[in-house]
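Tertiary structure, described
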Amino acid sequence: MHPVIFAHRGSSGTYAEHTRAAYLQALADGADGVECDVHLTRDGELVCIHDTTLDRTTDGSGDVADRTLDELRTVNAFSWKGVQIPEDFGDASNQFLSLADLLVLLRRSGRRIALAIELKHPSPFGLRLEEALIAFLMDEGWDPESSMLGLVEVSFMSFNPDSMRQLGESAPHHMLCQLVADVQPHEVRESLRFGSLAEGALINVLRRALKEGEDLIDRQEVGMAGPGVQYVRDHPERVRRWIEDGVRVRVWTVNTEEDALFLAALGVQELTSDYPARIRLAFGGTRPYSFGMTGPLWLSGKMQTPIEDYALVSDLHTGALISREGSIDWLCLPRFDSESVFAAMLGTPEHGRWLVSPSSADAEVVERSYIDSTFVLQTHWRTPDGDVLVTDFMPVGDRRANVIRRVQGLTGTVTMRQELQIRFGYGEIIPWVSQNAEGGPPALLAIAGPDALLLRGPRLHASDHKHVGAFEVSKGDVVDLEMVWYPSHRGKPEPLDIDDALDATISYWRAWAANCADDGDYALAVRRSLLVLRALTHEDTGGIVAAPTTSLPEHFGGARNWDYRFCWLRDAALTLEAMMTHGLADEALGWRNWLLRAVAGDPEDLQIMYGLAGERRLPERELAHLPGYADSVPVRVGNGAVDQYQADVVGEVMVALEKLRRHGVKEDNFSWPLQRALLGFAEKHLHDPDHGIWEMRGDKQYFTHSRVMMWAAFDCAVRAVRDHGLSGPQDHWTEIRDQLHAEIMERGFNRELNSFTQVYGGTEVDASLLQLPQVGFLDSDDPAMLGTVERLEQDLLDGEGLLLRYRTGNSDDGLAPGEHPFLACSFWLVEQYALSGRHADAKRLMDQLVGYLNELGLMSEEYDAVNKRMAGNFPQAFSHLALVRAADALQMSEGETSVHETMARE
């Protein structure tokens, strides 16, 4: 058994509340060492766990020191770790020491050590630490050219623009380049510890060097982070010599099975991974390594599938998410917004799943793809005994809520396994299960209240509140499994002709895709994105859900977890635009009819979102029984933002309907009067603050984007009268429009910053400002817009070149700070670059973003580029429609406008 190491990066908020439990679990697992950095709870409590030797000096649970944030402010910036120095260091024994004290002791000891300092904390607390560290090193005579400070060798990696600016001219150009890119193997010396170490781990290195009496230059331990895997691949013989010499080698962060097996074969003793479940599979599911977690996914010991490893299948009523391992971990029946029957994605298998995969621990996925231009998923498995092909789909047009899983033998004979755990009511309700006993084909029936599920296929047997079974397939064999939902008071549905259902489903998707105009450099990504938008559209009502999932976290371990299984007017309007641009007029007209039904009534009752059929009551509640994806709680169903006032929504709707008119769709005696009523609602609330496009849960404000969208609403009204001959007070609407324009330029544009701002009179910027040219408020190359883009790049671009929505730490959005870049915002930046003459920048960023699509062409709401994983609900309509717009903008900037209309409004 290899050493057990639990590792967790410094964090704040709800992460801290899990850290104690994770720490104690690591001890219970027999950990040889535990490394945790500083954690701040939402209440300001400072939780410090730092125990690499398990010298349990407090309450028997390890060296744990708690302080409040107020106490923290009274001590030296680096004394919070509470490191104790051994007695042989005299007066320093048993004292809390600062970094400066440790450096003095290090010099006194005559030992040399390398310090790799990671500066990537966006919080004010983290910035204060960085400022103190940089100031101290400068005062001590740190020479960035040689990276030497006495006997201490220092190097920096940072994703923080403020830290880079603070280093200023004292750092050489090549170092600043590395600070920005962080892509090269970070080798200080081949014999020194190097890598990405947060402030707490930095002190740990010093402490261990002092306490253990070991000189790390003698290669007693080598830790490699960031691009450490690549370093080992580049220097395998060197690493092998270290190991033969007794050096303890650790590598962060190992995120592929191939890398894990390579390192294990080389003899590397310790690994950490963002995806421990995936890496364990490389070892057949056994535990030759206990993997530390560099993020929160491992805090509770759950083996959750990365979001990007899921596939979607849809029947235009609902959708199932299927993991790379062959498990349906999320499915709501019969509609997207129904209660789930499988909810393992937000918890554990005990909350419901349906697994179909080879039983061999050595099985591997050779290829996973959709049949061209469809949502029919095929997974090619390879085992030591043969190959099989699993085809997963939801039949379209049969008016049944069902999932088909076909297993075909390709070579040899393969044993397949099934594990079925049906849990109605979001994983809370265990059904009554029975199997036919008449000797006919096997069928399993599960009933609970109004819901019934019928599974036809190989027989299963009960085992510990689930049903399991196995069956064999040889070359040429076909085994079909059909699961169908139906109201429990009705009779059982008849068996389906699987061949006919498969052919009809493939034909439907291909016929629909054939109507898409999707030429250009990104045609495949555009087509898949349009297919996603169709897959999220309810066949009967025309309503478009933002995503088929709820509560996949925007910030792992945090509280930014929302239910997206509803129809936002804003998202649907933008989706309509994308579909119209690509020749899908029927879908656009269907959405308009849904809109007219949904918003019909008193304009004062206008909502920002509705249910699939236009339902208005979408109360938000929390599901306390679900532990959440990556311990991200609460898990929410319903959405409290339904009651918010968001002033931009009328503008979004009016812009979409104006474009529909420009495509030749005539208004009728229902649609135009309703739009006039919406304009009356907007005028009545013309001077009211709102919650903004990002649904801030703080106080209402005058958001610049919202005010611009109000301008757009009245601009569209003027165009409707002037260009299309519709009735209305054109002069009055023109006056309101022009007054709004003047107001926005006066109050929403900060001349000192040369930039529009998030709110009137503020200094912060917001990525939604990139939509100003999209609705014609000004041109993409207008000086005011170029100044705004420059400010956005300065304030909101992260270290990987992705654009944040806004600074969560500097905005009153009612939640703890922290989220990953919202992908739609970066696509908006591509569009802005393309239409303002920065074609090379647009192409570079577009290529980067398209590279984040999973192998099936699906994309979530956000992306953690540092750890290379998706975040937020999945797949996300907003991300995919923004991809389509960005691709169109790039094509237009190259002069290829023959297929699509000009995106910029006249």
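Worth saying up front: this structure is predicted, and the values here are computed from it rather than measured. (Residues numbered from 1 in each chain as written. Predicted model: local features only at pLDDT ≥ 70, side-chain atom pairs only at ≥ 80, totals over all residues. Heavy atoms only, no water.)

1. So, the overall build of the chain
Quick reminder of the rule: Strands are runs of DSSP state E lasting at least 2 residues, helices are runs of H or I lasting at least 4, and numbering of each runs from the N terminus. Only protein chains enter the calculation, and the probe is 1.4 Å; a residue is then buried if its accessible area is under 20% of its type maximum, exposed if over 50%, and partly exposed in between. Any two residues having at least one pair of non-hydrogen atoms within 4.5 Å are treated as being in contact. Using a 1.4 Å probe, the Shrake-Rupley method yields the accessible areas, and only the shown protein chains count as cover for residues.
Tallying secondary structure elements over the chain gives 24 helices and 35 strands in all. Every one of the 906 residues in the chain was classed for burial, and the buried ones make up 62%. In the chain, 65% of the contacts between residues at least 6 apart in sequence involve partners at least 24 apart. Entry remark: accessible area of the chain is about 32,800 Å², with carbon and sulfur atoms responsible for 49%.

2. Things to note about helix α24 (residues 877-893)
Stated formally: Here, expected helix span is obtained from the residue count minus one, scaled by 1.5 Å.
With 17 residues, α24 extends 24 Å between its outermost C-alpha atoms, agreeing within 8% with the 24 Å of an ideal straight helix rising 1.5 Å per residue. Across the 17 residues that make up α24, a large majority, 16, are buried. Gly895, located one to two residues past α24, shows a positive phi value of around 85°.

3. Considerations on the confidence of the model for the chain
As a reminder of what qualifies: pLDDT: the predictor's confidence for each residue, scored from 0 to 100.
Mean pLDDT over the chain: 74, with 67% of residues reaching 70 or higher. Across residues 29-130, where pLDDT falls below 50, the model places 282 contacts with residues more than four positions away in sequence or in other chains. In the predicted structure, residues 285-303 sits below a pLDDT of 50 and forms 83 contacts with residues beyond four places in sequence or in another chain.

4. Observations concerning the packing of aromatic side chains
Note the threshold: Between the rings of Phe, Tyr and Trp (Trp by its six-membered ring), a pair exists once the centres lie within 6.5 Å; its type follows the angle of the planes, with under 30 degrees stacked, over 60 edge-to-face, and the other angles tilted. Only Lys NZ and Arg CZ are tested; either one counts as a charge over a ring when it is within 6 Å of the ring centre and within 35 degrees of the ring normal.
Scanning the entire structure with this criterion turns up 17 aromatic pairs. With 6.3 Å between their ring centres and 40° between their planes, Phe556 and Tyr629 make a pair best called tilted. You can see Phe556 sitting in the loop between α14 (523-535) and β28 (567-568) and its partner Tyr629 sitting in the loop between β30 (621-622) and β31 (636-637), a full 73 residues away along the chain. Each of the two residues, Phe556 as well as Tyr629, counts as buried. Relative to Phe756, the ring of Phe749 lies with its centre 5.0 Å away and its plane at 70°, an arrangement referred to as edge-to-face. Its relative accessible area of 11% is what places Phe749 among the buried residues. Here a set of aromatic residues connected by ring pairs shows up, and it is made of Tyr370, Phe375, Tyr508 and Trp509. Residue placement shows Arg233 over the ring face of Phe262; its charged tip is 4.2 Å from the ring centre. The aromatic ring of Phe822 is capped on one face by Arg805, whose charged end is 5.1 Å from the ring centroid.

5. Examining the nonpolar core
Threshold: Buried residues of nine kinds, namely Ala, Val, Leu, Ile, Met, Phe, Trp, Tyr and Cys, make up a nonpolar core once their side-chain atoms join them within 4.5 Å.
Formed by 198 residues in total, the largest nonpolar core has its most connected members in Trp354 and Trp591. Examining the composition of this core, we find that 12 residues originate from one element, helix α19 (residues 704-724), more than from any other. Once you skip the residues sitting within four places of it in the chain, Trp354 turns out to touch Gly326, Ser327, Ile328, Phe342, Val403, Arg405, Gln418, Glu419, Leu420, Leu455, Leu481 and Met483. Counting 10 residues, the second largest nonpolar core, distinct from the first, contains Val229, Val232, Val239 and Val254.

6. Some details on unusual backbone geometry
For the peptide bond that leads from Val633 to Pro634, omega is 5°, which places it in the cis range. Looking at the element boundaries, Pro634 is found in the loop between β30 and β31. Here the bond from Phe874 into Pro875 is cis, since omega is -20°, no more than 30 degrees from zero. Looking at where Pro875 falls in the secondary structure, it is placed in the loop between β35 (869-871) and α24. A positive phi is found at Arg399, a non-glycine position, where the angle reads about 60°.

7. Re the pattern of salt bridges
Two side chains carrying opposite charge are able to pair once their charged atoms lie near each other. Applied cut-off: Any carboxyl oxygen of Asp or Glu within 4 Å of a side-chain nitrogen of Lys or Arg constitutes a salt bridge here.
Using the criterion set out here, one finds 38 salt bridges in the structure. In this structure, Glu667 engages Arg661 in a salt bridge whose closest nitrogen and oxygen atoms are separated by 2.7 Å. Of the residues examined, Glu667 reaches a relative accessible area of 18% and is grouped as buried. Exposure remark for Arg661: the relative accessible area of 6% places this residue in the buried category. Look at the salt bridges and you will find they share partners, linking Arg592, Glu658, Arg661, Glu667 and Asp668 into a network.

8. Remarks on the environment of Pro487
You can see Pro487 is positioned in strand β27 (residues 478-487). Taking the relative accessible area as the measure of exposure, Pro487 reaches 16% and is therefore buried. For the pair Pro487 and Ile447, spaced 40 residues apart in the sequence, the C-alpha separation amounts to 9.3 Å.

9. Comments concerning helix α13 (residues 498-513)
To be explicit about the condition: Working note: the arc is built from the helix axis to C-beta atom directions. Counting of polar contacts relies on pairs of N or O atoms within 3.5 Å, with two restrictions inside protein: one atom must be capable of donating a hydrogen and the other of accepting it, and residues adjacent in sequence are counted only when both atoms are side-chain atoms.
The end-to-end C-alpha distance of α13, which contains 16 residues, comes to 23 Å, matching closely the 22 Å that a straight helix rising 1.5 Å per residue would cover. Here α13 has its buried residues at Ile498, Ala501, Leu502, Thr505, Ile506, Trp509, Trp512 and Ala513. Around the axis of α13, the buried residues are gathered within 140° of arc, so they sit on the same side. Each element contacted by the buried residues of α13 is listed here: β13 (311-314), β20 (386-393), β21 (401-421), β27, α14 and α16 (585-599). Capping the start of α13 is the job of one residue whose side-chain oxygen sits 3.2 Å from the backbone nitrogen of Asp499: Asp497.

10. Section: the pairing of strand β19 (residues 377-383)
Along any regular strand, the residues point their side chains to alternate faces of the sheet. Here is the rule: Strands pair, by our definition, only if DSSP identifies at least two bridges between them.
Within β19, five of the seven residues are buried, which leaves the element mostly enclosed by the surrounding structure. Where strand β18 (residues 364-370) lies against β19, six bridges are found, and the strand directions are antiparallel. When the bridges of β19 are listed, Arg368 appears paired with Thr379. The turn linking β18 back onto β19 is made up of six residues, and Ser373 within it adopts a positive phi angle of 60°. In terms of strand pairing, β19 meets β20 through seven bridges, oriented antiparallel. Following the sheet pairing, Thr379 is matched in β20 by Val390. The turn joining β19 and β20, which pair antiparallel and follow one another in sequence, is formed by two residues.

11. Regarding the side chain of Thr549
You can see Thr549 is positioned in the loop between α14 and β28. On the accessibility criterion, Thr549 (1% relative accessible area) is buried. With residues up to four places along the chain from it excluded, the contact list for Thr549 reads Leu321, Trp330, Asp563, Tyr564, Arg565, Asn873 and Phe874.

12. A word on the environment of Leu377
Looking at where Leu377 falls in the secondary structure, it is placed in strand β19. By relative accessible area, which is 1% here, Leu377 ends up buried. Here the alpha-carbon distance between Leu377 and Phe393, two residues 16 residues apart in the chain, equals 6.3 Å. In this view, Leu377 contacts Ala311, Val313, Ile322, Arg368, Ser369, Tyr370, Val390, Thr391, Asp392 and Leu856; residues no more than four positions away in its chain are not counted.

13. Here we look at the packing of helix α15 (residues 569-581) against α24
To be explicit about the condition: A fitted line through C-alpha atoms serves as each axis, taken over the contacting stretch for helices, and the angle formed by two N-to-C directions is quoted from 0 to 180°. Convention used here: angles under 35 degrees read as roughly parallel, angles over 145 as roughly antiparallel, angles from 65 to 115 as roughly perpendicular, and any remaining angle as oblique. By convention the crossing between two helices is left-handed if the near helix lies anticlockwise of the far one by an angle smaller than a right angle, and right-handed if it lies clockwise. Residue polarity follows a fixed list, in which Ala, Val, Leu, Ile, Met, Phe, Trp, Tyr, Cys and Pro are nonpolar, Asp, Glu, Lys and Arg are charged, and the others, Gly among them, are polar.
Put simply, α15 and α24 touch, their axes get as near as 10 Å, and they point 40° apart. With respect to α24, the axis of α15 lies oblique. Here α15 and α24 pass one another in a crossing that is left-handed. Contact with α15, carried on its side by Asp571, Leu574, Thr575, Glu577, Ala578 and Thr581, involves Phe878, Leu881, Val884, Arg885 and Asp888 of α24 and no other residues of that element. Partitioning the contact of α15 with α24 into residue classes produces five nonpolar, two polar and four charged.

14. Observations regarding the packing of α15 against α16
Direction vectors running N to C along α15 and α16 enclose 160°, while the axes themselves pass 9 Å from each other. When the axes of α15 and α16 are compared, the pair comes out roughly antiparallel. Where α15 crosses over α16, the handedness of that crossing is left-handed. Across the interface between the two elements, Leu569, Ala572, Ala573, Leu576, Met579 and Met580 from α15 touch Glu587, Ala588, Trp591, Arg592, Trp594, Leu595 and Val599 from α16. Among the residues making up the contact of α15 with α16, the classes are represented as 11 nonpolar, no polar and two charged.

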